[in-house]
Amino acid sequence: MDERTTPEFAVRAIGLTKKYPRGEGEFLALSNVDLTVERGEFVAIMGASGSGKSTMLHLIAGLTRPTSGEVELEGVKIGKMGDRALTIFRRRRIGIVFQSYNLIPHLTAEENILFPLRADGRRLDATTMAKLRAFWSELELSEQLGQYPDSLSGGQQQRVALARALCSDPVALLADEPTGNLDWTAGQAICRIFDRLNREEARTILLVTHEPAVAVWAKRIVVLRDGEIVGDFPRSEVGDASELAARYQELARVSRSV
Ligand SMILES: Nc1ncnc2c1ncn2[C@@H]1O[C@H](COP(=O)(O)OP(=O)(O)OP(=O)(O)O)[C@@H](O)[C@H]1O
Ligand SMILES: [Mg+2]
């Protein structure tokens, strides 16, 4: 097998920098960030509003191009790809969920889930469908497959989005505040699914959140402040969500000028 396709790490960001135009000048949203995520890791990326969490996740997902620096996914340098190749790579190899579900309103839950596979021209044989259906059943979506997004609860919509993100067996599941629009119970249900996917299927997960009660499910915590990584520690270093909250606040609140 080609070694380049089976490196230890799922995600590697090297010197990742993103500047956005702002007024006359530019704003440094992400500054020279290095991050390596091994296969099977579950990383929570925390930070205050505006600290660069979404920017970082979008760069890793190839949704935005960096000003400088590089992203490698399983050894593939996505910056070297043209837009079309990157779009196809993203559809086939990256699973993304957002705070706002992003389901297509005129498609049923099942059609939404299968949309990326169909767009890719993939034929779904009986074995594949049976495997997918078993997963949807675990997500407690079996009854909802024929329904349209606007008739589903927020938690159900997010589980549909999750099923869609995972049906292509991605390198990593990238989630940007996936519990942001959900109440406590629905949010924790999503966290439990992430936990199971990571523990039982060794799924690599990058989860952006500012909520300690969500981040505490991860095995590693990365804290961003003003576009820089200011903390990177195993979850086991903090006992529970309130201890994590204290450590996070300490790291996140100090401004760059201090
Ligand atoms: N497309 C853009 N154009 C200009 N500035 C942007 C753009 N996207 C993000 N920014 C700026 O970059 C900084 C980081 O934004 P980002 O969305 O990454 O923050 P965040 O940590 O995800 O915040 P939140 O918790 O509010 O989602 C912010 O100051 C934001 O205003
Ligand atoms: Mg954000």
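Just above sits the structure.
Quick summary incoming for the structure in this document. Note that the coordinates shown come from a computational prediction; the quantities given were computed from them, not determined experimentally.

Details of the site of ligand 1
- Surveying the vicinity of ligand 1 reveals the residues Tyr 20, Phe 27, Ala 29, Gly 47, Ser 49, Gly 50, Ser 51, Gly 52, Lys 53, Ser 54, Thr 55 and His 210.
- Elements that contribute at least two residues to the shell around ligand 1 include exactly β2 (25-38) and α1 (53-60).
- When residues in the shell around ligand 1 are grouped by element, the largest group, three residues, is from α1.
- Classifying every residue of the shell around ligand 1 gives three nonpolar, eight polar and one charged.

A short note on the nonpolar core
- Ile 45, Ile 60, Leu 174 and Leu 206 are the most contacted members of the largest nonpolar core, which has 63 residues in total.
- Among the elements that make up this core, the one with the highest residue count is helix α5 (residues 154-166) (six residues).
- With residues near it in sequence (within four places) discarded, Ile 45 still touches Lys 53, Met 56, Leu 57, Leu 206, Leu 207, Val 208, Val 222 and Leu 224.

Comments concerning the sheet that holds strand β3 (residues 42-47)
- One open sheet holds the six strands; their spatial order is β6-β7-β8-β3-β9-β10, and the pairing between them is mixed. A single partner strand is all that each edge strand has here, and the edge strands are β6 (94-97) and β10 (228-234). The mean inter-strand angle of the sheet, taken between neighbouring strand axes irrespective of direction, is 15°.
- Bridge count for strand β9 (residues 220-225) against β10 is six bridges, and the pairing is antiparallel. Within β10, the position partnered with Ile 221 by the bridge is Phe 233.
- Packing of α1 onto the sheet brings it into contact with β3, β7 (172-176), β8 (205-208) and β9, and relative to β8 it is tilted by some 150°.

Thresholds, definitions, all that
- Residues numbered from 1 in each chain as written.
- Chains lettered and ligands numbered in written order.
- Predicted model: local features only at pLDDT ≥ 70, side-chain atom pairs only at ≥ 80, totals over all residues.
- Near = placed C-beta within 6 Å.
- Helix = DSSP H or I, 4+ residues; strand = E, 2+ residues; numbered from the N terminus.
- Nonpolar A, V, L, I, M, F, W, Y, C, P; charged D, E, K, R; others polar.
- Core = buried A, V, L, I, M, F, W, Y, C linked by C-beta atoms within 7 Å.
- Buried ≥ 20, exposed ≤ 12 C-beta atoms within 10 Å, placed from the backbone.
- Contact = placed C-beta atoms within 7 Å.
- Pairing = 2+ DSSP bridges.
- Axes fitted to C-alpha atoms, helices over the stretch in contact; angles between N-to-C directions.

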